[in-house]
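Chain residues, written in single-letter form:
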Amino acid sequence: MPTFDLATGRHDRVPADDERIPRLELLERKGLLVDRPVARFDTLAQDAAHEAADLVRSTQGLLAMVNLMKDGYQYFAGMWVPAGTGGGESQAASADTPPEERFMERTSGWCVHTVDRRKALPLNNVFDYPRWLNKAVHQLGARTYLGTPLIDEPTGIRLGTFCFVGRETTNWTRQGVSLAKHYAAQAMEYIDQLPDTPPSSEH
C-alpha cells in the first residue's frame, strides 16, 4: 500500500522493496544491472528536459533522469543537467557532472514513492511537504519534482522512474504529467527491445 499521502505530504517509512529479486533479475537480463550511463537514456533525458522547460517556462532549466532502482540504491542511467540559466534550446549538458551524482540512496528523494504509488507524483513545491528528504534537496538542488514509474508491462515489475527535478517551484499540469509518461514509455520501449542475456549471478 502506498505510504505517501499527497494531502499531508507524509511518508512515514520507505516502502518495502517487495520486487527486489524479480527487478534485479529483469535488469540483469536486459544488461542494465551494471551501473553505467546509457546513451539512449541520456538522449531521452536531454530531449525531455528541453521540452518540459519550454512547457513550464522554466528560467533555470530542468534536470531529467531515467532512474533505475538497483539493490538498495538508485542509479540515474540517463541524466540531463542544465548548465547556466534559461530553458529549451539554451540549456547545455554539464559534461563535468561527476559519476557519483548518478547515485542516490533508496531512502532519498521521491522516486521510491512514485514507484510505490504506481502512478505519477507531481510536487509543485517540495517544501510544501514537511517530510521532504534532505539529500535530494541538497544533492540536486530540488525545489520541484515530477516522476512517473517505469513498469514492465508483461510482468508488472517496477524498474524505476522517469522524472524531472527543478530548482524553482513549478506548476505541474496534466500536460507535464503526460510529457513525463510519454518519455517513460519511450524508455520502456528501449528496454523491451534490448536482447535478453542469461543471468550470471544470484541476488
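Described below are features of the structure shown in this document.

Cut-offs applied
Residues numbered from 1 in each chain as written. Predicted model: local features only at pLDDT ≥ 70, side-chain atom pairs only at ≥ 80, totals over all residues. Heavy atoms only, no water. Helix = DSSP H or I, 4+ residues; strand = E, 2+ residues; numbered from the N terminus. Buried < 20%, exposed > 50% of the residue type's maximum accessible area, 1.4 Å probe, protein only. Areas by Shrake-Rupley, 256 points an atom, 1.4 Å probe, with all protein chains shown as cover. Polar contact = N/O pair within 3.5 Å; in protein donor to acceptor, adjacent residues only side chain to side chain. Contact = heavy atoms within 4.5 Å.

Regarding the overall build of the protein
Line of reasoning, step 1. Along its length, the protein carries 5 helices and 8 strands.
Line of reasoning, step 2. Helices and strands in the protein line up, N terminus first, as β-β-α-α-β-β-β-α-β-α-β-β-α.
Line of reasoning, step 3. Taken over 203 residues, the protein has a buried fraction of 50%.
Line of reasoning, step 4. Here the protein has roughly 9700 Å² of accessible surface; of this, 49% comes from carbon and sulfur atoms.

Remarks on the side chain of Arg158
Line of reasoning, step 1. Within the fold, Arg158 resides in strand S8 (residues 158-166).
Line of reasoning, step 2. A distance of 3.4 Å separates a polar atom in the side chain of Arg158 from a polar atom in the side chain of Asp18.
Line of reasoning, step 3. Within polar-contact distance, the side chain of Arg158 engages the backbone oxygen of Val115 at 3.2 Å.
Line of reasoning, step 4. Among all residues touching Arg158, those that are not within four sequence positions of it are Asp18, Glu19, Arg23, Val115, Asp116, Arg118, Leu150 and Ile151.

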